[in-house]
Amino acid sequence: MKISIEKRVEPSPLTPYLSPLVSLALALIVCAVIFKAAGANPFKAYREMFMGAFGSDFAIEATLIKATPLILCGLGVAAAFRMQLWNIGAEGQLYVGAIAASWVALNYGFNQPLISLGLMFLAAALAGGIWGMIPGILKAFRGSNEVITTLMMNYIAIFLTSYLVYGPWKDPTGYSVPMTALFNRNSWLPKIFDTSVHGGIIIALILVVLSWILFYKTRWGYEIRVSGANEKAAAYSGMNAAKNIILVMFFSGALAGIAGMSETAGIQHRLQQGLSPGYGYTAIIVAWLARLHPAAVVVSAILFGGLLVGGDQLQISMSMPVSVSNILQGLILFFVLGGEILFSYKIKIGGKSGHQPCPAAKENA
Amino acid sequence: MAGGKLVEMTDITKRFPGVVANSCVCFDLVPGEIHALLGENGAGKSTLMSILSGEYKPDEGSVSVEGVEARFHSPQDAIKLGIGMVHQHFMLVRAHTVMENIMLGLAGTPFFMDRKKLEAKIMETAVQYDMKVDPGAYIWQLSVGEQQRVEILKALIRNTRILILDEPTAVLTPKESETLFTTLRRFREEGRTAIFISHKLDEVMAISDRITILRSGKNAGTIRRDETDEKDLAGRMVGKDSLFEVKKSEKQSGGEILKFNDVHANNDRGIEALKGITLSLREGEILGIAGVAGNGQKELAECLFGLRKIKTGTVSFNNKDITGFNPRKIREAGISYIPEDRIATGLVSSLDFPDNLILNSYFKLPVSKGPFLNFKYIKEWTKKTIEDYDIKVGKIKNPVGLLSGGNLQKLILAREFADNPKVVIAASPSRGLDIGATNNARKLLVEQRDRGAGVILISEDLEEIFQISDRIAVMYEGKIMGILDAKDADREKIGLLMGGIKLGQEADI
Ligand SMILES: Nc1ncnc2c1ncn2[C@@H]1O[C@H](COP(=O)(O)OP(=O)(O)O)[C@@H](O)[C@H]1O
Ligand SMILES: [Mg+2]
């Protein structure tokens, strides 16, 4: 009996499904060890988390609410990643989206919710888009590393928000709490039926479908897929690399910006500090776990939404620290990236295939 | 049973994921011979020799040297028995000098070494084999031919008895090849043994005593040179009677369609690579551009296709100035480009066949309608292309990176010829392809010519240049050294031009 590891010539057709599942399982196993070490019963902890995230209507609603910004930001970063643009600025793009949406809501009292929300949506998309496009322009024309620039832009956006809610936009009646006044009711995203889930998730799902069409059915999506996979072939075909970098970064930022609008108009109904607990960063893991596929982003975002909600539950019922869910997130990313390599190999057990004895040596002159 | 055999490899089988590189191969060497190993690309030549030089372990089979079974655990074990291999890709440290590289190759290099003694030894060996080298030169300063000499010296200095050269002439000019052959003959005169890997029939006939042919990983015969000829060898190599013929009709070429006028351009490192190219192409002709790689051919193609900036000078197409056009406009004008590096430039290996087929037409009718791709048309086009060009694709949805070189080239050719271009520029269209695929590529280029297109064929392979060109231009150091009618050209003339010697000047050298 012989066991050997071989590189796969052809990727297994199951890889896209198996690899994320296996990475998840491995992350859960390793995290279980950590639970154990921290003195908690891992089975009980996972049960608590699961029930906290999916165990009741209330839990599911909470999970979907958290999944909404993750879908939008995940979709956005996946678009940029697809073109090998490492946009880690979704967090900042989300914040400027929230700022722009709040600006519309606070300054223009529209009587029509549809007009009000529509304008908030557009303003948020535009602001997030521009926030993403700036690093895009720097990358396209100056070759600046977008990892650095998008990260820096996050701080600018977050501190800009703080400035606004402490300063010029501060609620005059709000004493010392750093937040703006409440939006007019017309600027609130309606709830779905009689749940606590707001309309942001509908927007997100529509954008998932549109993204999928954009990437797989249109000329521009084709350009992005080619440019992301082989820059030289894109140039050979005559595609405009600079234009595509800028556009993709705009698109990516716009989606994150819309997440900002969805959070302010759907949950807080005002602009406030710390409006996102790092959705823009978690979205990076969401996108990788989904292997950058728009539809899979939904599943992976719901999973991570559950992880966040379940992590909170753990804190309440087992008084574990919140950082547990951060550890689990990190482990998942680790194994997702590792899984890619894992699945390009296969393990072969047993005798070598097709071993036949050589035919009796022919005599050669 | 050794019967005076120096080396016997018996029933060697070596598998790589998805391929059997060697299958039950027997191979032997007698002392003092030059033994050629002939076979198409991918036939398993390098693999077999890497087994003999201790690089790979065979999955099955045995190797014996002078009748004693040899189990190599590393190349060092083979070196101890006097077996040395010069690889296709050189293994030299570029930032070190020739001498330092040779020192590194010596077994048990002491930390301090008598440089004087070694230098003397290098010079002695170099003179003995008529190989000019400068021990103090850095590897990066050397041409490929010179680097190869260093590799050979490295082997000779270790008292190699069995020297394996893996496709040594692939990187040499015809003149440099001759020099190499002289060295090899001298090596043989001393009773030592050499294995010469090649897929070029003329070379094999010129240098070897015996020839072993590999075909798809199997031994397709071991023959004495004087009992065979090129036709026989070609037949064994491809398994059919020679496919070497590409039929080409006599044809009058038409008017001028493309003209380079005193074009200057830099290479990637900012050094001038084109130093005033003036060249014109006619309709219905194949203009071969011969030359050793790195003399500006790549830059020439890229300038024409808008992928490289032209510093001064112009390119005109049908008397219209197209200098500075981008690739898309150039293609729309009717010019197609078959790039040399298929995988790196010509294709997107992670995307599937249809996605690669539409690479240069995805933006226009009927491949797309408005902003949307037209999948119905793409599907039909894919099906038709696969049938017309007889492409083996396997699953359509698989990334094309899994296809063989010949099938990839067919895909590129099908794509580039789809719009009946007026000018085709093909860079090394058959590099890395086996004979069947090579002939197919050449045949398709000739078809384009017969249809009336002007074809520029950039190739290092003189066989290819002579086979299908109507006129032959030779590039050397960014200039056109001369342009000959194919009828007046012969290997010697082209070889001189490739070496930088203008015709009529050779007497001065
Ligand atoms: N290290 C390797 N890993 C996987 N496949 C290989 C490796 N080396 C060679 N092969 C495959 O084995 C076959 C024979 O290759 P090679 O010996 O290099 O042929 P040749 O030297 O005759 O062109 C080819 O199909 C090649 O792709
Ligand atoms: Mg080889």
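As a convention, each chain's residues are numbered from 1 in the sequence order in which they are written. For naming, the first written chain is A and the first written ligand is 1, with later ones following in the order written. In view of the model being predicted, local features appear only for residues whose pLDDT reaches at least 70, and side-chain atom pairs are presented and counted only at 80 or more, with totals across whole chains, interfaces and linings using the full set of residues. Only hydrogens and water are removed before side-chain values are computed, so all heavy atoms of the structure are retained for them.

1. A look at the coordination of the magnesium ion (ligand 2)
Octahedral six-donor coordination of a metal ideally yields angles of 90 or 180 degrees, compared with 109.5 degrees for tetrahedral four-donor coordination. What counts is decided by this rule: Coordinating donors are taken to be N, O and S atoms lying within 2.8 Å of the metal, or within 3.2 Å when the metal is Na, K or Ca; because water is excluded from the atom set, some sites may appear incomplete. Helix and strand assignments follow DSSP, with helices taken as H or I runs no shorter than four residues and strands as E runs no shorter than two, numbered in order from the N terminus.
The protein atoms that coordinate the magnesium ion (ligand 2) are Ser46 of chain B (OG) and Gln88 of chain B (OE1), at distances spanning 2.1 to 2.7 Å. Separated by 42 residues along the polypeptide, serine 46 of chain B in helix 1 (residues 45–52) and glutamine 88 of chain B in the loop between strand 6 (83–86) and helix 3 (98–105) bring together distant segments of the chain.

2. Quick word on the site of ligand 1
Residue and element names in this part refer to chain B. Quick reminder of the rule: Proximity is defined per residue: any heavy atom of the residue falling within 4 Å of a molecule or strand makes that residue near it. Pairing of N or O atoms within 3.5 Å defines a polar contact, subject to two protein rules: one partner must be a possible hydrogen donor and the other a possible acceptor, and residues neighboring in sequence count only if both atoms are side-chain atoms. With residues, only the protein chains shown are counted as cover, and all accessible areas are computed by Shrake-Rupley using a 1.4 Å probe. Under the grouping applied here, Gly and all other residues not named as nonpolar or charged are polar, the nonpolar ones being Ala, Val, Leu, Ile, Met, Phe, Trp, Tyr, Cys and Pro and the charged ones Asp, Glu, Lys and Arg.
Around ligand 1 lies a shell formed by Phe16, Val19, Ala21, Glu40, Asn41, Gly42, Ala43, Gly44, Lys45, Ser46, Thr47 and Tyr56. The backbone of glycine 44 places a nitrogen or oxygen atom 2.9 Å from an oxygen atom of ligand 1. A distance of 2.5 Å is found between an oxygen atom of ligand 1 and a side-chain nitrogen or oxygen belonging to threonine 47. In isolation ligand 1 exposes 560 Å². Once the protein is present, 64% of that is buried. Of all the secondary structure elements, the ones that give two or more residues to the shell around ligand 1 are strand 2 (19–29) and helix 1. Among the elements that take part in the shell around ligand 1, helix 1 stands out by supplying 3 residues, more than any other. Across the shell around ligand 1, the residue classes break down as 5 nonpolar, 5 polar and 2 charged.

3. Notes on the pairing of strand 19 (residues 423–427) of chain B
Residue and element names in this part refer to chain B. So the rule is basically this: Three exposure classes are used, based on accessible area relative to the maximum for each residue type with a 1.4 Å probe and protein chains only: buried under 20%, partly exposed in between, and exposed over 50%. Here, any two strands with at least 2 DSSP bridges between them count as paired.
With 5 of 5 residues buried, strand 19 is to be regarded as a mostly interior element. Alternating positions in strand 19 separate into two faces, Val423, Ile425 and Ala427 on one and Val424 and Ala426 on the other, with burial throughout. Where strand 16 (residues 335–338) and strand 19 come together, 4 bridges link them in parallel fashion. Residue pairing for strand 19: serine 336 is matched across the bridge by valine 424. Of the strand pairs in this sheet, strand 19 and strand 20 (residues 454–458) are connected by 5 bridges, and their pairing is parallel. Paired with alanine 427 across the bridge in strand 20 is isoleucine 458.

4. Overview of the packing of helix 7 (residues 200–217) of chain A against helix 10 (residues 241–268) of chain A
Residue and element names in this part refer to chain A. Short version of the rule: Each axis is a line fitted through C-alpha atoms, and for a helix only the stretch in contact is used; angles between axes span 0 to 180 degrees, taken between their N-to-C directions. Under this scheme an angle from 65 to 115 degrees is roughly perpendicular, one under 35 degrees roughly parallel, and one over 145 degrees roughly antiparallel; angles in between are oblique. Residue contacts are defined here by distance: any two heavy atoms, one from each residue, within 4.5 Å place the two residues in contact.
Where helix 7 contacts helix 10, the two axes come as close as 10 Å, and the packing angle between them is 170°. Classed by the angle they form, the pair helix 7 and helix 10 counts as roughly antiparallel. Counted together, Gly200, Ile203, Leu207, Ser211, Leu214 and Phe215 of helix 7 and Phe251, Leu255, Ile258 and Ser262 of helix 10 form the full contact between these two elements. The residue makeup of the contact of helix 7 with helix 10, split by class, is 7 nonpolar, 3 polar and no charged.

5. Focus: the nonpolar core
To keep things clear, this is the line we draw: Among the buried residues, those of types Ala, Val, Leu, Ile, Met, Phe, Trp, Tyr and Cys that are joined through side-chain atoms within 4.5 Å form a nonpolar core.
Counting residues in hydrophobic clusters, the biggest one holds 84 residues, and the most contacted among them are Leu258 and Phe260 of chain B. In this structure leucine 258 of chain B touches Leu279, Ser280, Leu281, Leu304, Val315, Ser316, Phe317, Ile335, Val423 and Ile456 of chain B, once residues within four positions along its chain are discounted. Core analysis: the next-biggest nonpolar cluster, separate from the first, contains 76 residues, Tyr95, Val165, Ile258 and Met318 of chain A among them.

6. A few points about the pairing of strand 8 (residues 193–198) of chain B
Residue and element names in this part refer to chain B. Our working definition: Handedness of a crossover is defined as follows: orient the strands so they point away from the viewer, and if the path from the first strand over the helix to the second runs clockwise, the crossover is right-handed.
Of all 6 residues in strand 8, 6 are buried, a share of seventy percent or more. Of the two faces of strand 8, the one carrying Thr193, Ile195 and Ile197 and the one carrying Ala194, Phe196 and Ser198 are both buried. Summarising the sheet, strand 3 (residues 34–38) and strand 8 pair through 5 bridges and their orientation is parallel. Of the residues in strand 8, the one forming a bridge with isoleucine 34 is alanine 194. Inspection of the sheet shows strand 7 (residues 162–165) paired to strand 8 by 4 bridges, in the parallel sense. Within strand 8, the position partnered with isoleucine 162 by the bridge is threonine 193. Crossover handedness for the path strand 7 to helix 6 (residues 174–189) to strand 8: right-handed.

7. A closer look at a nonpolar patch on the surface
Our working definition: The patch calculation keeps residues exceeding 30% relative accessible area without a salt bridge and links them within 9 Å when they carry like charges or within 5 Å when they are nonpolar (Val, Leu, Ile, Met, Phe, Trp, Tyr). We define a salt bridge as a side-chain nitrogen of Lys or Arg found within 4 Å of a carboxyl oxygen belonging to Asp or Glu.
Together, Trp86, Val147, Ile148 and Met152 of chain A make up an exposed nonpolar region whose accessible area comes to about 350 Å². As for its placement among the helices and strands, tryptophan 86 of chain A is situated in the loop between helix 3 (57–82) and helix 4 (90–107).

8. Things to note about the packing of helix 3 of chain A against helix 7 of chain A
All names here are of chain A. In plain terms, the rule: Crossing handedness is read from the near helix: turned anticlockwise from the far helix by less than a right angle, it gives a left-handed crossing, and turned clockwise, a right-handed one.
Interaxial distance between helix 3 and helix 7 falls to 9 Å at its minimum, and their mutual angle equals 20°. When the axes of helix 3 and helix 7 are compared, the pair comes out roughly parallel. In the packing of helix 3 onto helix 7, the handedness of the crossing is left-handed. Where helix 3 abuts helix 7, its residues Leu64, Thr68, Ile71, Leu72, Leu75, Ala79 and Arg82 lie against Gly200, Ile201, Ala204, Leu207, Val208, Ser211, Phe215 and Tyr216.

9. Concerning the sheet that holds strand 5 (residues 68–70) of chain B
Residue and element names in this part refer to chain B. Taken in spatial order, the 4 strands make up an open sheet running 2-1-4-5, and their pairing is antiparallel. Strand pairing shows two members of the sheet lacking a second neighbour, strand 2 and strand 5, which therefore form its edges. Strand after strand, the sheet turns through a mean of 30° between neighbouring axes, direction not considered. Examined bridge by bridge, strand 1 (residues 7–16) and strand 4 (residues 60–65) share 5 bridges and lie antiparallel to one another. In the sheet register, valine 7 faces strand 4, and the bridge partner there is valine 65.

10. Digging into empty space enclosed by the protein
Cut-off, in case you're wondering: Here a cavity denotes a set of grid points, spaced 1 Å apart and computed over the protein atoms alone, in which a 1.4 Å probe fits but from which it cannot get out, and a pocket denotes an open set meeting protein on both sides within 12 Å along at least five of seven lines; residues with an atom within 4 Å of a point are reported as lining. Grid points are joined across faces, edges and corners, and a volume is the space filled by probe spheres set on the points.
One pass over the structure, following the stated rule, counts 2 cavities of 30 Å³ or more. Lining the largest cavity are Met131, Gly145, Gln148, Arg149, Ile152, Leu172, Glu176, Thr179, Leu180 and Thr183 of chain B. Looking at the lining of the largest cavity, the elements that each hand over two or more residues are helix 5 (144–157) and helix 6 of chain B. For the lining of the largest cavity, a count of residues per class yields 4 nonpolar, 4 polar and 2 charged. Counted as a void, the second largest cavity has a volume near 40 Å³. What lines the second largest cavity is simply Leu75, Ala78, Ala79, Arg82, Ser211, Phe215, Phe251, Leu292, His293 and Pro294 of chain A. Of all the elements in the fold, those that place two or more residues in the lining of the second largest cavity are helix 3 and helix 7 of chain A.

11. Things to note about unusual backbone geometry
Of all residues except glycine, most have a negative phi; of all peptide bonds, most are trans. That bond from leucine 365 of chain B to proline 366 of chain B is cis: its omega, -5°, falls within 30 degrees of zero. With respect to the secondary-structure elements, proline 366 of chain B resides in the loop between helix 12 (353–357) and strand 17 (368–369). Of note in the backbone geometry, histidine 269 of chain A takes a positive phi value of approximately 60° without being a glycine. Here histidine 269 of chain A lies in the loop between helix 10 and helix 11 (279–289). The backbone of glutamate 477 of chain B sits at a positive phi, close to 45°, despite the residue not being glycine. Secondary-structure assignment places glutamate 477 of chain B in the loop between strand 21 (471–476) and strand 22 (479–485).

12. Describing the interface of chain A and chain B
Convention followed: Put simply, buried area is the surface a 1.4 Å probe can reach on two separate parts but cannot reach once they are joined, added for both.
Each side of the interface is counted separately: chain A has 31 residues, and chain B has 43 residues. Buried surface at the junction of chain A and chain B, both sides included, amounts to about 3000 Å², of which 56% is carbon and sulfur. Looking at the side of chain A facing chain B, the largest losses of area belong to Arg219, Tyr222 and Tyr236 of chain A, adding up to 28% of the total buried there. One can count 1 salt bridge joining chain A with chain B. In this structure, aspartate 355 of chain B and arginine 225 of chain A form a salt bridge, with 2.8 Å as the shortest nitrogen-oxygen distance. Linking chain A with chain B are 18 residue pairs in polar contact (both at pLDDT 80 or more). Looking at the side of chain A that touches chain B, the elements that each hand over two or more residues are helix 7, helix 8 (219–229) and helix 9 (231–237) of chain A. If one sorts the elements of the side of chain A that touches chain B by residue count, helix 8 of chain A sits on top with 6 residues.

13. A closer look at the sheet that holds strand 7 of chain B
Residue and element names in this part refer to chain B. As summarised here, the arrangement of the 6 strands in space is 6-7-8-3-9-10, forming an open sheet in which the pairing is mixed. Only two strands of the sheet have a single partner each, and these edge strands are strand 6 and strand 10 (218–224). Neighbour-to-neighbour, the strand axes of this sheet turn through a mean angle of 15°, independent of strand direction. Pairing of strand 6 with strand 7, which is carried by 4 bridges, proceeds in the parallel orientation. Within strand 7, the position partnered with isoleucine 83 by the bridge is isoleucine 162.

14. Side note on the packing of aromatic side chains
Any two aromatic rings considered together are summarised by their centre-to-centre distance and by the angle between their planes. For clarity, the cut-off: Only Phe, Tyr and Trp rings take part, Trp by its six-membered ring, and two of them pair if their centres are within 6.5 Å. Stacked means planes under 30 degrees apart, edge-to-face means over 60, and tilted covers everything else. Ring-over charges, as used throughout, are those where CZ of Arg or NZ of Lys falls within 6 Å of the ring centre and within 35 degrees of the ring normal.
Scanning all chains against the criterion turns up 20 aromatic pairs over all chains. Here the aromatic residues Phe81, Trp86 and Trp288 of chain A are joined through ring pairs into a cluster of three or more. The ring of phenylalanine 215 of chain A carries the charged tip of arginine 82 of chain A above its face, separated from the ring centre by 5.5 Å. Sitting over the face of the ring of phenylalanine 375 of chain B, lysine 217 of chain A holds its NZ or CZ atom 4.5 Å from the ring centroid.

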